[in-house]
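# Close look at the chain arrangement
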Amino acid sequence: MQAGNTTAPANMALPSTMTRGAMLLFACASGLSVANVYYAQPLLDALAADFSIPQAAIGGVVTATQVGCALALVLLVPLGDLLERRWLMLVQVLLLTTVLVCVGLARSPAMLLASMFLVGALGTAMTQGLIAYAASAASENERGRVVGAAQGGVFLGLLLARVMAGGISDIAGWRTVYFCSAVTMLMLATLLWSGLPRLARPPHRMSYLRLIGSMFLLLRQDRVLQVRGVLALLMFAAFNIFWSAMVLPLSVPPYSFSHTAIGAFGLVGAVGALAAARAGRWADQGFEQPTTFAALALLLVAWIPLSLLGTSLWALVIGIVLLDLGGQAIHVTNQSMIFRSHPDGHSRVVGVYMLFYAAGSGLGALATTAVYAATGWPGVCFLGAGVSLLALAFWAATLRHITVATSVK
């Protein structure tokens, strides 16, 4: 399947629109790739028992995965701007398949941690590489829509990973989760090789070290990337302030929900994934700033019903929907704008941008547990609303500069 002329320069807008099948492949592949990074979260109790790891230390499995994710953003994701993307995706998915088998066969904590580190690195490299691939394969007038579809797949994969892992583990044990994923990745390799659009090899020839260094040069020079990165940091901090603390009030009276029941609330966020593609279409039509304003407003307003968690579960559901709608719309709009700024550097740009995501997620999770211990759920909501308000104020303060920078480009 072709996406325009394969001999065209990498930065040339493709003359034909991407087929529905190609968009669906990007979305499904992105979701299946990112799911590998999150399978372990509902399995920590089983892993602790199987490997005789103390409960206080089993969080190291998640930490190893997240360290792999962070390093992949800097060391692996940028390779898409240096190597032919289709071959790169094939190599990465085959390596990920091998590593997933290693997780399922692990017999020592050291092997488990090493394998989970590689799962985080390769799963992240594939996920963000596919989003950059989709952006490069799309023509200029549909890039936001295509990126929105891929990002929707990521969001659904993230949400469903915990549910699938828990269900498979209950039936056949935690190792089966990773063996099943390995088989899925092997089948995905065939689909990616036959279905991904063929693109021209990147025209520039630079060394690997120069490629990595150019990421930070892009960040220093690009005002749009700077501003949208900070918005991503604040938005993902607000996200994690909520999601990291939600389990605490729901697991105690008057609710005393099980972890499975609490995890089911995450499925409500699937509505946000459905809105992602629509935000991308608006970005394609030139409405990035109005979309951003509306999304940031939703992010702020969401904390009103979320603050009523103690009295109404329906309010909690409404708050989750608003939070995810706003967050996903911001995320898709951000990516649409930064990809437009660097048509020949999509992989490096998404790598830099997602570093802001990682920082925001970590800071949000760290802050919310301390605040909950000191002030309870009202303090968490106040913190989340404060961060959301800061994001809205930052966007308003930088709007004029971004408008000028965008018009210059």
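Time to look at the overall build of the chain. In terms of helices and strands, the chain carries 16 helices and zero strands. Here the chain holds 409 residues, and the buried ones make up 54% of them. Residue pairs in contact within the chain that sit at least 24 positions apart in sequence constitute 83% of those at least 6 positions apart. Surface exposure of the chain reaches about 16700 Å², of which carbon and sulfur atoms provide 71%.

In this section: the side chain of Asp222. Position of Asp222 among the secondary structure elements: in the loop between helix H8 (208-221) and helix H9 (223-245). One polar contact links the side chain of Asp222 to the main-chain amide nitrogen of Leu225, over a distance of 3.2 Å.

Attention now goes to the side chain of Asn334. Along the chain, Asn334 turns up in helix H15 (residues 313-341). Residue classification places Asn334 among the buried residues on the basis of a relative accessible area of 0%. When sequence neighbours within four positions are dropped, the list of residues in contact with Asn334 reads Arg228, Leu231, Ala232 and Tyr353.

Moving on, we come to the environment of Ala315. Mapped onto the elements, Ala315 comes out in helix H15. According to the relative accessible area criterion, Ala315 is buried, its value standing at 9%. For the pair Ala315 and Trp303, spaced 12 residues apart in sequence, the C-alpha separation works out to 10.0 Å. Once you skip the residues sitting within four places of it in the chain, Ala315 turns out to touch Pro305, Leu306 and Leu308.

As enumerated under the stated definition, the model contains four salt bridges in all. Between Asp50 and Arg175 there is a salt bridge whose closest N-O contact spans 3.3 Å. One end of the pair, Asp50, is in helix H2 (residues 44-51); the other, Arg175, is in helix H7 (residues 174-195), and 125 residues separate them in sequence. Relative accessible area serves as the criterion here: at 40%, Asp50 is assigned to the partly exposed category. The exposure class of Arg175 is buried, given its relative accessible area of 17%. The partner of Asp81 in a salt bridge is Arg348, with the nearest N and O atoms 2.9 Å apart. A residue pair is termed long-range when its members are at least 10 positions apart, and Asp81 in the loop between helix H3 (59-75) and helix H4 (85-105) and Arg348 in helix H16 (residues 346-408) qualify at 267 residues. Accessibility assignment for this pair places Asp81 and Arg348 in one class, buried.

Next up on the list: the packing of H9 against H15. Describing two packed helices takes the angle between their axes plus the distance from one axis to the other. Here H9 crosses H15 at 160°, and the two axes come no closer than 10 Å. With respect to each other, H9 and H15 are oriented roughly antiparallel. Regarding H9 and H15, the two cross each other, and that crossing is left-handed. On the side of H9, the interface is formed by Val224, Leu225, Arg228, Leu231, Ala232, Met235, Phe236, Phe239, Phe242 and Trp243, while H15 contributes Leu316, Ile320, Leu323, Asp324, Gly327, Ile330, His331, Thr333, Asn334, Met337, Ile338 and Ser341.

Summed over all chains, the structure comprises 12 aromatic pairs. Relative to Tyr178, the ring of Trp174 has its centre 6.2 Å away and its plane inclined at 75°; by these criteria the two rings are edge-to-face. Taken together, the residues Trp174 and Tyr178, both in helix H7 and four residues apart, mark about one turn of the helix. Residues Phe236 and Tyr357 carry aromatic rings whose centres are separated by 4.4 Å and whose planes lie at 80° to one another, so their mutual orientation is edge-to-face.

The end-to-end C-alpha distance of helix H6 (residues 143-172) is 41 Å, a good match for the 44 Å that 30 residues give at a rise of 1.5 Å each. Its axis deflected by about 35° at Leu160, H6 carries its strongest bend there.

Turning next to the packing of helix H1 (residues 20-38) against H7. Two elements in contact, H1 and H7, have axes separated by 11 Å at closest approach and are oriented at 150°. The orientation of H1 relative to H7 falls into the category roughly antiparallel. When you trace H1 past H7, the crossing you get is left-handed. Every residue of H7 that contacts H1 at Leu25, Ala29, Leu32, Ser33 and Asn36 is listed here: Ser181, Thr184, Met185, Leu188, Leu191, Leu192 and Gly195.

Analysis parameters
Residues numbered from 1 in each chain as written. Predicted model: local features only at pLDDT ≥ 70, side-chain atom pairs only at ≥ 80, totals over all residues. Heavy atoms only, no water. Helix = DSSP H or I, 4+ residues; strand = E, 2+ residues; numbered from the N terminus. Buried < 20%, exposed > 50% of the residue type's maximum accessible area, 1.4 Å probe, protein only. Contact = heavy atoms within 4.5 Å. Areas by Shrake-Rupley, 256 points an atom, 1.4 Å probe, with all protein chains shown as cover. Polar contact = N/O pair within 3.5 Å; in protein donor to acceptor, adjacent residues only side chain to side chain. Salt bridge = Lys/Arg side-chain N within 4 Å of Asp/Glu carboxyl O. Axes fitted to C-alpha atoms, helices over the stretch in contact; angles between N-to-C directions. Parallel < 35°, antiparallel > 145°, perpendicular 65-115°, else oblique. Left-handed = near helix turned anticlockwise from the far one by under 90°. Phe/Tyr/Trp six-rings, centres within 6.5 Å; stacked < 30°, edge-to-face > 60°. Expected span 1.5 Å × (residues − 1). Bend = angle between axes of the 7 residues up to and from the residue.

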